[in-house]
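What the coordinates show
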Amino acid sequence: MQVTLLTWIVAVAGLAIMGLLFALQLVAVVRPRGEWTLTNVYGSDPGATDARAFFAYNQGLAWADVLFWGPLQIAGSVGMLLGRRWGFLLALMGAVPFLYTAISIFVWDRDMGFRRNTFTYWAIVWGMFPAFGALELVYCFSRLVGR
């Protein structure tokens, strides 16, 4: 498949977003209860809710990101840059968790009182994931069915 400028933008953005998320979640896998992890990865305090549920939820996402979503998204982005059809397919599959997890995190943050009504929260902490996921999903799907 032809690698276009838009392919480069989507693939590199996918590598950047997932690279950051993968690195942060890898820290959470290695040091799940560390102070840095609580502040910078989970972004909240287990004392605000049931600590057992808090850590189970966040550690489950960390392991899933490191073992499944990260490798899937990274392989998809690399495959797209190589112009391989399988890369677009893997990236399409990797776009789904961007949207799926955004919904569960939206509800979790709302119900647990973690959501903040700030530009940073809506645009960066939460918003960039479903926005990128929707863009990647539409782009990869259109490339796959268009040929």
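Met-80, Phe-88, Phe-98, Tyr-139 and Cys-140 are the most contacted members of the largest nonpolar core, which has 16 residues in total. Of all the secondary-structure elements, those providing two or more residues to this core are α1 (5–30), α3 (51–81), α4 (85–112) and α6 (128–145). Apart from the residues lying within four places of it in its own chain, the contact partners of Cys-140 are Met-80, Phe-88, Ala-91 and Leu-92. In this structure, Ala-28, Tyr-42, Phe-54 and Ala-62 belong to the second largest nonpolar core, which totals 11 residues.

Its volume calculated, the largest pocket comes out at about 750 Å³. Along its surface, the largest pocket is lined by 29 residues, and Val-41, Tyr-42, Ile-105, Val-125 and Phe-129 are the ones closest to its centre. Counting only elements with at least two residues in the lining of the largest pocket, the list comes to α1, α2 (35–42), α3, α4, α5 (119–125) and α6.

A word on α3. For α3, with 31 residues, the first-to-last C-alpha span of 42 Å sits near the 45 Å given by 1.5 Å per residue. Residue Asp-65 marks the point of greatest curvature in α3, where the axis turns by about 50 degrees. Of the residues flanking the end of α3, it is Gly-83, one or two places downstream, whose phi is positive at about 75 degrees.

What counts and how
- Residues numbered from 1 in each chain as written.
- Predicted model: local features only at pLDDT ≥ 70, side-chain atom pairs only at ≥ 80, totals over all residues.
- Heavy atoms only, no water.
- Core = buried A, V, L, I, M, F, W, Y, C linked by side-chain atoms within 4.5 Å.
- Buried < 20%, exposed > 50% of the residue type's maximum accessible area, 1.4 Å probe, protein only.
- Helix = DSSP H or I, 4+ residues; strand = E, 2+ residues; numbered from the N terminus.
- Contact = heavy atoms within 4.5 Å.
- 1 Å grid on protein atoms, 1.4 Å probe; cavity = no way out; pocket = protein on both sides within 12 Å on 5 of 7 lines; lining within 4 Å.
- Points joined across faces, edges and corners; volume = space filled by probe spheres on them.
- Expected span 1.5 Å × (residues − 1).
- Bend = angle between axes of the 7 residues up to and from the residue.

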